[in-house]
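So you can see what is in the structure, the chains are spelled out below.
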Amino acid sequence: MTVTALSTVDADGQAVRAALFDAVGRLDGAIRPVVAYHLGWCDEHGRPVAGDCGKSVRSRLTMLAAHAAGGDDRCAVPGAVAVELVHNFSLVHDDLMDRDATRRHRPTVWAVWGDAVAVLAGDAMLSLAHEVLLDSGSPRAVDAARLIGRATQDLIRGQAADVDFEHRDDVTLAECLEMAGGKTAALLAASAAIGAVLADAPAATVAALRSYGDDIGIAFQLVDDLLGIWGEPATTGKPVFSDLRSRKKSLPVTWSLESGRPAGRALAQWFAQSNEPTENELRAAAGLVDTAGGRRWARSEARRRVRAAQQALDSVPITPEYRRELSGLADFIVERSA
């Protein structure tokens, strides 16, 4: 599917990328090249590359929300840069905690520079996000920074729950959805709300866009979990069955375990094992998730969340052009392959 979500708003992302580049330039000389590497701008030796810089969903969402609420690029760009920095802070720390050695088809920060540098690079981006907002000159900068702070707390809460789930065999679907709400949806919801806040939108519009962001955030995690089992390695940059390999209690897995179906019970027995799984065992486990209905449920629930997000947009006056583009972004999230 082709994404057209920024066809009229910073269509090629140049304004956000330029501002992000300027912001990273403020960092200490020892950390700046590490952050630039993570963002896909250079190799580990600092040489410029034309690499994969990610989907930029959160910054796109901030830009679109600001325009939908009557703002423009000038008011929106600081918020877009801030949410992109917070997102990348979380990725660097996630890679370290999960010991993921590859992201976007190349070594992760900790794999190149070690754990300590990865922690510092993530911290630097989180701090810089607040600095960018507070230095923007926007009369709503403090409100936007407060939203970033709250979203970060929710993100940390979700990540802590995700880590805790690794050591439990009684994780419920409700807990898993709550975790996803913090780990993934909180920042997407904040991204939309920040765009509206910086555009000085009415409270009802801010709330509607935040609700939209929350629903597409859950949809995003559901699709991520599907790709973590059935995604194509050449597209996702991760091994096939990667989430099952680490026995991750993702949303489709947890739904299957709670289904009460024979395949769900067999999956529970497999999850109780501690041996290193073979490729055949991983393939069989993926089949059990599918047979139990977890794959079908996750896809259906992601689409339901997208419909709920679109209903939130319909609850407030937004220019039809931007409603279409926000709907297009939601459709991209649920139909993406990476």
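The structure this text deals with has already been given above.
Here goes a summary of the coordinates provided. Because the structure is predicted, anything quoted here is derived from the model rather than measured.

Within the structure shown, the criterion is met by four aromatic pairs. On the basis of an interplanar angle of 80° and a centroid distance of 5.1 Å, the ring pair of Tyr 37 and Trp 113 is categorised as edge-to-face. In this pair, Tyr 37 is assigned in helix α2 (residues 32-38) and Trp 113 in helix α5 (residues 109-113), connecting sequence segments 76 residues apart. With a relative accessible area of 29%, Trp 113 lands in the partly exposed category. Ring plane angle 85° and centroid distance 5.3 Å describe the contact between Trp 270 and Phe 271, whose orientation is recorded as edge-to-face. As far as the burial class goes, Trp 270 and Phe 271 line up, both buried.

This part covers the pattern of salt bridges. By the definition in use, this model includes 23 salt bridges. Across the pair Glu 131 and Arg 26 runs a salt bridge whose closest N-O atoms are separated by 2.8 Å. Highlighted residues: Glu 131 in helix α6 (residues 115-134) and Arg 26 in the loop between α1 (14-24) and α2, separated in sequence by 105 residues. Residue classification places Arg 26 among the partly exposed positions, given a relative accessible area of 44%. With a shortest N-O distance of 3.4 Å, Asp 215 and Arg 305 are connected by a salt bridge. Here Asp 215, found in helix α9 (residues 203-230), pairs with Arg 305, found in helix α15 (residues 294-314); they are 90 residues apart in sequence, far enough to count as distant.

Our next topic: helix α7 (residues 141-165). The first and last C-alpha atoms of α7 sit 36 Å apart over 25 residues, in line with the 36 Å expected at 1.5 Å per residue. Here α7 has its buried residues at Ala 141, Ala 144, Ala 145, Leu 147, Ile 148, Ala 151, Thr 152, Leu 155, Gly 158, Gln 159, Asp 162 and Phe 165. If you follow the buried residues of α7, they end up packed against α4 (73-98), α6, α8 (173-198) and α9.

Tallying each qualifying case throughout the model produces one cavity of 30 Å³ or more. Empty space within the largest cavity amounts to approximately 100 Å³. In this structure, the largest cavity is lined by 13 residues; those nearest its centre are Tyr 37, His 38, Arg 103, Pro 107 and Thr 108. Secondary structure elements with two or more residues in the lining of the largest cavity: α2, α4, β2 (106-107) and α5.

What counts and what doesn't
Residues numbered from 1 in each chain as written. Predicted model: local features only at pLDDT ≥ 70, side-chain atom pairs only at ≥ 80, totals over all residues. Heavy atoms only, no water. Phe/Tyr/Trp six-rings, centres within 6.5 Å; stacked < 30°, edge-to-face > 60°. Helix = DSSP H or I, 4+ residues; strand = E, 2+ residues; numbered from the N terminus. Buried < 20%, exposed > 50% of the residue type's maximum accessible area, 1.4 Å probe, protein only. Salt bridge = Lys/Arg side-chain N within 4 Å of Asp/Glu carboxyl O. Expected span 1.5 Å × (residues − 1). Contact = heavy atoms within 4.5 Å. 1 Å grid on protein atoms, 1.4 Å probe; cavity = no way out; pocket = protein on both sides within 12 Å on 5 of 7 lines; lining within 4 Å. Points joined across faces, edges and corners; volume = space filled by probe spheres on them.

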